[in-house]
Amino acid sequence: MKLLGRAASINVRKVLWTAAEIGLVFEHEPWGSEALPLSDPAFRALNPLGLVPVWVDGATVLRESNTICRYLAAQAGRTDLLPTSPAARAAVEQWMDWQATELNNAWRYAFMALVRRHPAYADEAQVLASLAEWARQLGVLEAQLAHTGAFVTGPVFTLADVVLGLSVHRWFSTPGDKPALPAVAAYYERLTERPAFRAHGRNGQP
Ligand SMILES: N[C@@H](CCC(=O)N[C@@H](CS)C(=O)NCC(=O)O)C(=O)O
């Protein structure tokens, strides 16, 4: 088995964290780095979208980080990470889908401007709008975590916590005028108790 994608990518980190929770042994090639550009035809043959991560398991080639995480959990029979009953599984997946759509879109501009310092993200009004929308979206997570007092869907750590934990890490790694979110802050500390999060999430890299 092989993971393709540089470890600075939040979507690659989802796979690294999930694989570590499961205890998988696999090869890792940092595609998306200078030495391994995503324009390389060999990479495009695996993912015509030109994005990381990509997971190769024999003849099975997968893209989309959340899909790869679900595949790994299902293959390992880790029903704690991804339950099999339709309702419990959907409860995990709805948070994963929300992270990949609404939440990620909210923080992208602010993160690229304030952390990556990317010149294409220099519009102050858009930075402030992104921070405000990010805080508004995380207010939904704050309410949920205040309710569960533990993980996103309840007392059990699931794949929803992998993907949301990495977004929360970006929130706390980004400077700016941000509201206090005490339940989210407590969750961040709770996740930090996990060795796999310390290795692939809260590891000094934003
Ligand atoms: N929906 C995809 C998004 C993948 C994605 O946007 N990956 C970024 C890195 S986080 C990427 O490959 N960007 C192109 C680049 O870095 O050149 C997923 O969840 O895997």
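Scroll up to find the structure this text is about.
I will try to describe carefully the structure that is included in this document.

Reading the values: the criteria
- Residues numbered from 1 in each chain as written.
- Predicted model: local features only at pLDDT ≥ 70, side-chain atom pairs only at ≥ 80, totals over all residues.
- Near = placed C-beta within 6 Å.
- Helix = DSSP H or I, 4+ residues; strand = E, 2+ residues; numbered from the N terminus.
- Buried ≥ 20, exposed ≤ 12 C-beta atoms within 10 Å, placed from the backbone.
- Contact = placed C-beta atoms within 7 Å.
- Pairing = 2+ DSSP bridges.
- Axes fitted to C-alpha atoms, helices over the stretch in contact; angles between N-to-C directions.
- Parallel < 35°, antiparallel > 145°, perpendicular 65-115°, else oblique.
- Left-handed = near helix turned anticlockwise from the far one by under 90°.
- Nonpolar A, V, L, I, M, F, W, Y, C, P; charged D, E, K, R; others polar.

**Here we look at the site of the ligand**
In the neighbourhood of the ligand, the contacting residues comprise Ser9, Ile10, Asn11, Gly32, Leu38, Leu51, Val52, Pro53, Glu64, Ser65, Asn66 and Ala100. If you list the elements that add at least two residues to the shell around the ligand, you get helix 1 (10-22) and helix 3 (65-75).

**As for unusual backbone geometry**
As a rule of thumb, non-glycine residues mostly have phi less than zero, and peptide bonds are mostly trans rather than cis. Omega for the bond connecting Val52 with Pro53 falls within 30 degrees of zero, at 10°, which places this linkage in the cis form. Note that Pro53 resides in the loop between helix 2 (41-46) and strand 3 (54-57). A positive phi angle is found at Glu64, which is not glycine, with a value near 75°. By the element assignment, Glu64 lies in the loop between strand 4 (60-63) and helix 3. On the basis of neighbour count, Glu64 is assigned to the partly exposed category, with 17 C-beta atoms found within 10 Å. Positive phi values are uncommon outside glycine, yet Arg117 reaches one of about 55°. Within the secondary structure, Arg117 is located in the loop between helix 4 (86-114) and helix 5 (124-148).

**Thoughts on the environment of Phe26**
Mapped onto the secondary structure, Phe26 falls in the loop between helix 1 and strand 2 (27-29). Residue Phe26 is classed as partly exposed on the basis of its C-beta count, with 14 C-beta atoms lying within 10 Å. Distance from Phe26 to Arg190, taken between C-alpha atoms, is 27 Å for residues 164 residues apart in sequence. The contact partners of Phe26, leaving out residues within four places of it in the chain, are Met1, Lys2, Leu3 and Ala19.

**Let's talk about the sheet that holds strand 2**
If you trace the four strands from one edge of the open sheet to the other, you get 2-1-3-4, paired in mixed fashion. At either margin of the open sheet sits one strand with a lone partner, and together these are strand 2 and strand 4. Mean inter-strand twist for the sheet, computed between neighbouring axes without regard to direction, equals 15°. Note that strand 3 and strand 4 share four bridges and pair antiparallel. Within strand 4, the residue paired with Asp57 across the bridge is Thr60.

**Quick look at the pairing of strand 3**
Bridge count between strand 1 (residues 2-4) and strand 3: three bridges; the pairing is antiparallel. Residue pairing for strand 3: Lys2 is matched across the bridge by Val56. Joining the antiparallel neighbours strand 3 and strand 4 is a turn of two residues, in which Gly58 adopts a positive phi near 65°.

**So, the packing of helix 4 against helix 5**
The contact between helix 4 and helix 5 brings their axes to 8 Å, and the two run at 140°. In terms of axis orientation, helix 4 runs oblique to helix 5. In terms of crossing hand, the pair formed by helix 4 and helix 5 is left-handed. Across the interface between the two elements, Glu102, Leu103, Ala106, Trp107, Tyr109, Ala110, Ala113 and Leu114 from helix 4 touch Gln126, Val127, Ser130, Leu131, Glu133, Trp134 and Gln137 from helix 5. Of the residues belonging to the contact of helix 4 with helix 5, the class tally is ten nonpolar, three polar and two charged.

**Some remarks on the packing of helix 1 against helix 3**
Contact geometry for helix 1 and helix 3: axes closest at 9 Å, N-to-C directions at 10°. Classified by the interaxial angle, the pair formed by helix 1 and helix 3 is roughly parallel. For the pair helix 1 and helix 3, contact is made by Asn11, Lys14, Val15, Thr18, Ala19 and Ile22 and by Ser65, Ile68, Cys69, Leu72 and Ala73, respectively. Its residues assigned to classes, the contact of helix 1 with helix 3 comprises seven nonpolar, three polar and one charged.

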